[in-house]
Every structure is written in C-alpha cells, then in structure tokens.
Amino acid sequence: MNINVRILTKSVAQQYAFKRIVTFSTKPTQQAAAAAVPQQQEVTGPTVRKPIVPAHYRFVYPEFLPDPKVEWRNAVREKLERLDMLDRRRQIELPEFYVGSILAVTSSDPHAAGKTSRFVGICIHRERCGLRARFILRNVIDHQGIEVVYELYDPTIQKVEVLRLEKRLDDSLFYLRDALPEFSTFDENMEAEPLEEGAPVPINDIKVVLRPRPWLERWERQNLLGVANIEQYIKDKHRKSAEKVQKPWEKYDLMKQYRATIPEEEQKEIFAEVHTELHTLELQRKRNKRKRTFVKPKHLA
Amino acid sequence: MAQLLLRNLTRAGNAALITKGTSSSITGAEPGSRQLHTTQACCEIRKLARLRVVDNSDLGKRAMAEGRPPRCIHVYNKRGVGLIGDKVLVAIKGQMKKGILVGLKQKQRIKQPQFDSNNLVLIDDNGSPLGTRIHVPIPTVLRTILKEKTLAKGADYTKVLAIASRYV
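Please read all numbers here as calculations on a predicted model, not as lab measurements. (Residues numbered from 1 in each chain as written. Chains lettered and ligands numbered in written order. Predicted model: local features only at pLDDT ≥ 70, side-chain atom pairs only at ≥ 80, totals over all residues.)

Some remarks on the overall build of chain B
Here comes step 1: Helix and strand counts for chain B come out as 6 helices and 6 strands.
Here comes step 2: Going residue by residue from the N terminus, the α and β elements of chain B occur as α-α-α-β-α-β-β-β-β-β-α-α.
Here comes step 3: Taken across its 168 residues, chain B has 38% of its residues classed as buried.
Here comes step 4: Looking at chain B alone, contacts between residues at least 24 apart form 56% of all its contacts between residues at least 6 apart. (Helix = DSSP H or I, 4+ residues; strand = E, 2+ residues; numbered from the N terminus. Buried ≥ 20, exposed ≤ 12 C-beta atoms within 10 Å, placed from the backbone. Contact = placed C-beta atoms within 7 Å.)

Concerning the nonpolar core
Here comes step 1: Membership of the largest hydrophobic core comes to 65 residues, with the highest contact counts inside it found for Cys123(A), Leu137(A), Tyr175(A), Leu101(B), Val102(B), Leu120(B) and Val121(B).
Here comes step 2: Setting aside anything within four residues of it in sequence, one finds Val102(B) in contact with Val54(B), Asn119(B), Leu120(B), Val121(B), Ile134(B), Ile138(B) and Leu142(B). (Core = buried A, V, L, I, M, F, W, Y, C linked by C-beta atoms within 7 Å.)

Re the sheet that holds strand β1 (residues 52–53) of chain B
Residue and element names in this part refer to chain B.
Here comes step 1: With mixed pairing, the 5 strands of this open sheet are ordered in space as β1-β6-β4-β3-β2. With partners counted over all chains shown, the strands left at the sheet margins are β1 and β2 (71–75), one partner each.
Here comes step 2: Sheet analysis places strand β3 (residues 87–92) next to strand β4 (residues 95–103), joined by 6 bridges and oriented antiparallel. Within β4, the position partnered with isoleucine 92 by the bridge is glutamine 95. (Pairing = 2+ DSSP bridges.)

Notes on the environment of Val60(A)
Here comes step 1: For Val60(A), the position within the fold is in helix α3 (residues 57–60).
Here comes step 2: Between the C-alpha atoms of Val60(A) and Arg118(A), which are 58 residues apart in sequence, the distance is 24 Å.

Looking at the interface of chain B and chain A
Here comes step 1: On the chain A side, the residues contacting the 19 residues of chain B number 18 residues.
Here comes step 2: Of all the secondary structure elements, the ones that give two or more residues to the side of chain B that touches chain A are β5 (114–115) and α5 (141–149) of chain B.
Here comes step 3: The element that contributes the greatest number of residues to the side of chain B that touches chain A is α5(B), accounting for 3 residues.
Here comes step 4: Taken together, the residues that form the side of chain B that touches chain A break down as 8 nonpolar, 6 polar and 5 charged.
Here comes step 5: Across 2 bridges, strand β4 (residues 144–151) of chain A lies against β5(B) in antiparallel orientation. (Nonpolar A, V, L, I, M, F, W, Y, C, P; charged D, E, K, R; others polar.)

Observations regarding the sheet that holds strand β1 (residues 102–108) of chain A
Here comes step 1: If you walk across this open sheet you meet the 6 strands as β5(A)-β1(A)-β2(A)-β3(A)-β4(A)-β5(B), and the pairing is antiparallel. The outermost strands of the open sheet, each flanked by one partner alone, are β5 (157–164) of chain A together with β5 of chain B.
Here comes step 2: As paired strands, strand β2 (residues 116–127) of chain A and strand β3 (residues 134–141) of chain A are joined by 5 bridges and run antiparallel to one another. Looking at the pairing, Arg126(A) lines up with Phe135(A) of β3(A).

A look at the confidence of the model for chain B
Residue and element names in this part refer to chain B.
Here comes step 1: Per-chain confidence: chain B averages 82 in pLDDT, with 76% of residues scoring 70 or above.
Here comes step 2: Confidence drops under a pLDDT of 50 for residues 1–34, and excluding neighbours within four residues, the segment shows 43 contacts in the predicted structure.
Here comes step 3: Across the interface, the model reports ipTM at 0.76; the global pTM reads 0.78. (pLDDT = per-residue confidence, 0-100.)

Points about unusual backbone geometry
Residue and element names in this part refer to chain A.
Here comes step 1: Cis peptide bonds are those with omega within 30 degrees of zero, and the linkage from arginine 213 to proline 214 qualifies with 5 degrees.
Here comes step 2: Structurally, proline 214 can be placed in the loop between β5 and α5 (230–233).
Here comes step 3: Within the chain, lysine 115 stands out as a residue other than glycine whose phi angle is a positive 65 degrees.
Here comes step 4: Mapped onto the elements, lysine 115 comes out in the loop between β1 and β2.
Here comes step 5: Residue classification places lysine 115 among the exposed residues on the basis of 9 C-beta atoms within 10 Å.
Here comes step 6: For aspartate 142, which is not glycine, the phi torsion reads 50 degrees and is therefore positive.
Here comes step 7: Structurally, the position occupied by aspartate 142 is in the loop between β3 and β4.

Set out below in structure tokens:
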C-alpha cells in the first residue's frame, strides 16, 4: 500500500508539477513549446520542411522583435503588428540597413513642389519596434546640419534606398552633431554602391573629430569608439566624473541583460512566424533586381 | 546643506543662462559663461533667444560677422514660444526688426527637418524680405504655413519663399 501510495503521489505530483510549470513559469514552457512544435510538425506532415531561420535575421529585421519591457508586452498586439508590417513590406521594399549606412528616403510631401521630397543622409539612430520603428537621417546641406526623423512603416514613404551599406563602431552616432561638418556631409546625387551578394556588411572604422567644447552631451562618459579626439578637450575633472558614473559591473548582470533582451526561444518563435514570408519577398526582390541588371545592357545597345 | 544651496544656485544660474545657450553652435558664445551650464541648452525660441540670420541682408550679415546675433524680443503668437514660420521681433544692432523663423533646433514632427541652428529671415512690415537670397535650405512646410498666414490685405509673407535657394 505504502509503495502504491508513494507511486500515486509521485505521478500526481508530476502531473501537477507539469501543469504548474505550464501555467506559471516562463522558461520551461518555452522549452516545452519548442519540444512540442517539432512533434506537431512531424505529425502534420514529414514532407513539409521545418523553416530554418537564419541567425542574422535579428540584425536585419530588428523591428520584428518586440520591446522587452514586460509592462508593454502584449502577444496579440505584437502578432497583429507583425502581420501589418508584412503587409507593408509586400507593397514597398524596406532594405536592410544599419546605423552608419547612408540612405535616401523618398516620401510624399504635400508641401513640396513636386509632391515628393527626397532626403539623403547617414542613419545616426534606429529606435522603437513594431510599426513604430523609426530612424534618424542626418546630412549637412549648404553648411547647414539637418536631421530628419522617418518612420520605417510610414505609408507616405515611397522609396527607401541604401546608397552605402555599412556599420560604424557605435550603436548610435549622435556625436556627429558635435563633430566637424565634413563627417556628416554626403552628396545628394550619390550613386548607390552595391555590395557583393553574401558578403558581410563592412564596418567603417572611421574616427570622427569633434569640435571643441561645449558639446551637446557628455561624450567622455559614453565610451565611444568612433571618436578620435575626446581626450584633447576634457580636463581632469571631467575624467574623474566620467569614471564615477561608469558601471563596469553591468556586463556581469545577467538579470539586467535578460530583462533588456528578448530570449532566444521567443525570437525563434517570432521569426518562425514571419520567416517564410520575408524569405519569399527577398527572393522576389532579388529576381527583380537580376532582371533589371540583365535588361540594362540592352538599353545601352 | 551646502550641497542644497549649491544646487539652488546652479538652478537659478541655468534659468538665467538658458536663453544664452540657444545658438551656441553658430555664435561660439563667450567661453566664460558657457562653462556654468549644468543642463542642456533650451532649444525653444523665447524672448532673449539668440538667432542666426540666414539671408544676405546687409544688416543681418554685419550683425552675424560681428558676432552679435539678433535676439528675439517678442514672438507674435499666443504661446510665447516660436515655432516654424512664426513671426518674431528681434533686436539687431540696436534696431528692432521683424523676422520669420525658417529653421529650428527644437524637436520637429516626423518627416520635417530639424536644423542645427535657429534660422531667421529678416522682413519689413509688409512682409517683404530685406535680403535677396537665403543661403541655407528651408523646410517645405513653410510654403503652406506662410501662405496660410498671408491674408488678403495684410503683409505678404510668401515673398520670403521667393528668395529661398533650396527646400528640404
């Protein structure tokens, strides 16, 4: 009897434990879900290939990942937004670009003479996610620094061209505002510089030269890699105060990192949802491009 | 206690200096006063904010060359903070002149350009500009805003658009 009871309780406990995990805990459920998904697929059809999401998708399509802030998460809204984003991507090509790439954005502008306006500039920042994803372009035109904020999924945007695809050493280039103007000056009639297919995105390790203080921000506190002459303008007191606000322990703070990112399992789930659609769109674009490049010599001849 | 006092002092200092810092990039303001800043410069166009003349009027060119940029002494709207296309009264080289704001440092709406300096075009009472050319780009929204502000018998601000060299 005793043994029976023990076995019973064990099995019951296991069942309950399983249920409990499913309802409350987050991580084991994801494991369970990950384990469950392939099983289902096997059941539905062994001929259907399992979508393999490329690892670089989280860099190419960062706006598909939701904001990791727990209070703002809402699975249904995120899903609906993803559908809307795909809908928009079917209409317009939104190419891969990074902070430091040079873009040309053509948008409809009711105020402009031709009802469209085109702005060329370097992307100095990318932020927000989902349909609210946006980026800032900066350029110096006629010795006047100009910045424009664009929303990536704005329906008034007609065309986004990447003129030069590259990365910089830092995650945001706000320091270009305090740099010499030649570092943010780009020709408006620049031709697109195509990269070879499959080549990794080059990192431009240019070091920017700052103007003397006063600056817009305390750049000496931000551990910037892309600035050449910060040391030239700061005094000992700035160095000391910069040291004081440093948080070297943060890179060991696993919990902080966890809260600031979407876990890998969840990323896989999200991209498994949109991967096939994105991939077909990519292929379509590539085919169209190849067609275009093939037609060009005919025009010349 | 001492810390608290210091904080209050710096706060008062900021309030006084806020307007001084608005156009630092162009004027390269006196280094002594700038060192007192503990907060970001206020980018709004209020009374006493310094501006940059971007047309080729003689008065404006001389004022900018001397390093004594015009100061806003009144904003002709109900809010007291100048937005793009607003008319302002400025003190420039001991005179009072009117001008139109054609570029702001302040945060702008999506798709509308934000400039690195607060730009001004000088006009007279009829709305016709004192200069003959604007040597920086101006936002395209001005075309709509200035047309709306021009009334049948009042000043004609659209003349400012005619001397623009480039739109952004």
